[in-house]
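Coordinate inspection notes
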Amino acid sequence: MYALVDCNNFYASCERVFAPQLEGKPVVVLSNNDGCLISRSQEAKDLGLKMGEPYHLVRPLLEQHRVQVFSSNYALYGDMSRRVVQVLSGLAGGVDVYSIDEAFLDFGGMNLLEPDLLTYGQRVHETVLQHTGIPTCVGIAPTKTLAKLANRLAPKTGPCRTVLLATPADWEPALARVPVGIIWGVGRRYARKLNEMGIMTGLELAQLPEHWLRRHLGGVVGQRLWRELHGQPCLEWNPTEWDDDQLQPGLASRHSVTCTRSFGRPQQQEAVLAEAVATFATKAAEKLRRYGMATHLVTVILGTDRFAPAAGPKTHTAVISLATSTNDTTILIKAALQGLRQLRRSDVAYNRAGVLLTGLEPEGQAQLGLFSNTAPDHQRSQQLMQAMDTLNTRFGRQLVRSAATGNAKNAVGQPQSPVWAGRSAHRSPCYTTGWDDMWQVR
DNA sequence: TCTGGGGTCCTAGGACCC
DNA sequence: TCTGGGGTCCTAGGACCC
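How each quantity is defined
- Position numbers for residues start from 1 in each chain and track the written sequence from start to end.
- Chain letters and ligand numbers both follow the written order, the letters beginning at A and the numbers at 1.
- Predicted model: local features are reported for residues with pLDDT of at least 70 only, side-chain atom pairs are reported and counted for 80 or more only, and whole-chain, interface and lining totals are derived from all residues.
- Water and hydrogen atoms were dropped before computing side-chain values, which therefore reflect all heavy atoms in the structure.
- UniProt positions are given in the numbering used here, feature names are shortened, and annotations may be inferred rather than shown by experiment.
- The helix and strand labels rest on DSSP assignments: H or I over at least four residues marks a helix, E over at least two residues marks a strand, and numbering proceeds from the N terminus.
- For a compact globule the rule gives 2.2 Å times the number of residues to the power 0.38, and the radius of gyration it is set against comes from C-alpha atoms.
- Only protein chains enter the accessibility calculation, which uses a 1.4 Å probe. A residue is then buried if its area is under 20% of the maximum for its type, exposed if over 50%, and partly exposed in between.
- In this analysis, two residues are considered to be in contact whenever any of their non-hydrogen atoms come within 4.5 Å of each other.
- The Shrake-Rupley method, run with a 1.4 Å probe sphere, supplies the accessible areas, and residue values consider only the shown protein chains as cover.
- Asp and Glu are treated as the negative residues and Lys and Arg as the positive ones, with His and the ends of the chain left uncounted.
- Charged side chains are reduced to one point each, which is NZ for Lys, CZ for Arg, CG for Asp and CD for Glu.
- When DSSP finds two or more bridges between two strands, those strands count as paired.
- Whether a residue is near a molecule or strand depends on its heavy atoms: it is near if one of them lies within 4 Å of it.
- Definition of a polar contact: a pair of N or O atoms within 3.5 Å, with one able to donate and the other able to accept a hydrogen when the atoms are protein atoms, and with sequence-neighbouring residues admitted only if both atoms are side-chain atoms.
- Each domain's extent was defined by an automatic or database domain assignment.

Going by an unreviewed UniProt entry, chain A carries the name Y-family DNA polymerase and comes from Hymenobacter mellowenesis. Its UniProt record, at the heading Sequence similarities (unreviewed entry), says of chain A: "Belongs to the DNA polymerase type-Y family."

The next thing to look at is the overall build of chain A. Helix and strand content of chain A: 14 helices and 15 strands. Here the C-alpha atoms of chain A give a radius of gyration of 24 Å, agreeing with the 22 Å that 2.2 N^0.38 yields for 442 residues. Counting only C-alpha atoms, chain A reaches 65 × 55 × 55 Å along its principal axes. Counting every position in chain A, which comprises 442 residues, the buried fraction comes to 43%. Pairs at least 24 residues apart make up 66% of the contacts formed inside chain A by residues separated by at least 6 positions. In the form shown here, chain A has an accessible surface area of approximately 23,800 Å², with 51% of it arising from carbon and sulfur atoms. With 46 positive and 39 negative side-chain charges, chain A shows a separation of 8 Å between the mean positions of the two kinds.

Let us look at the pairing of strand β3 (residues 37–40). Note: strand β2 (residues 27–30) against β3, three bridges, orientation antiparallel. The residue bridging V28 from the neighbouring strand is R40, located in β3. Between β2 and β3, which follow one another and run antiparallel, lie six residues, and N33 among them has a positive phi close to 65°.

A few words now on the environment of E286. Within the secondary structure, E286 is located in helix α12 (residues 270–290). Classification of E286 as buried rests on a relative accessible area of 12%. Each C-alpha atom of the pair E286 and D389 lies 7.7 Å from the other, and the pair is 103 residues apart in sequence.

By nearness alone, 22 residues border DNA strand B, and R224, T258, T260, S262 and R306 come closest of all. Here, DNA strand B places atoms within 4 Å of the protein, and 81% of those atoms are sugar or phosphate. R224 is positioned such that a nitrogen or oxygen atom in its side chain is 2.7 Å from a phosphate oxygen of DNA strand B. The backbone of T258 places a nitrogen or oxygen atom 2.6 Å from a phosphate oxygen of DNA strand B. Among the secondary structure elements, those contributing two or more residues to the surface near DNA strand B are α11 (220–229) and β11 (257–267). If one sorts the elements of the surface near DNA strand B by residue count, β11 sits on top with six residues.

Our focus in this paragraph is the domain arrangement of chain A. For chain A, the assigned domains read domain 1 (3–75), domain 2 (84–229) and domain 3 (254–405). Look at where the C-alpha atoms of domain 1 and domain 3 centre, and you get two points 32 Å apart.

What follows is the structure, encoded as structure tokens:
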């Protein structure tokens, strides 16, 4: 048996933990650049506000109902997520962290009988709430896909937040109640296709032959879905070990690392784009080192206005291949700037840029190139990166950095946001990760 | 004026290898 | 007339997830 624990309205709930006066009031959190609504409290959902809606379109409605608006604060949400995982790790035989706000628990081998499963799910909800202030729902079933369904059906209010679907007699009526698009793995495209064929509910989907799903829903992906809906576990279990020394979940492996951002306004100048791209390469390299990985493929991304009526591609990419795998910021910046020079057209203004790193491998395993990056160079590079990471972790993220990332100052010489930076007008403090933002208890 | 960011997996086709 | 079989790696595109 698996349990899926999903944090309710996670980002909005994080903000509320530190602003309890907002309990019971509508709250929304915006995406980067204050672009779209990406999290809504229940009260905000009840006002008819939709996920992903552009902020500028719903602003009048938000003001009319005095909705509290936050820019996204990923330092806060990431740390709250870490705390939730810490609690969950103490409550189950195994944890599989699926995203920033949800995790599967392994309830097998815990000697829980059926009525106890429900009680234990409740205990998980109560413990997470007590230790972190974050409300959750719990869904329990023999496969991940059915646990997802159980979670969806769990009440968001009231004392009981757990649903158990233990046998076909439990999950078949549940499947019959939900539209097919609710099922995990059925997105908008498949839902429309299925509806056009007259398949409207989860149960109608489950009752089709297995080979039909293989044929029409993405090959083996569809076949796995069929089996999962019949109680046969097909999706992998990826355990996340809690690291007691680091007080954080163990790092999962990665196949790619990206850092992309929309600009506050379109940018045309080479110098500005170069600072932005160097900054994204720096962030991506830091992430790579945190994961203990190295890359040999650097992709630079430039994007024009996605909503412009003009035809043609809105995203352009250039790939730079490195002779040797590395996670050295200076090398990755050089490669990214080379890609930028290849890509950039002087008569175009860009709304977005980014850096994508692929071809990842564990850093120790990286082969030395035949003609480059001799061993002593490699060692010096590692020492330099380690020194920079140590200083930046201890004294603040941007303390030591490459000059290529820019050095914007205001009229009195204070550092200020670069010209390409996006909007973030409603950012909350970093309550749990910044010394200056910490709460004081008198 | 104004619309996010970061991932995953699968398939098909082509180049290349023995 | 008549040209194998079994792989890997890469890319692009399409679907999905949060």
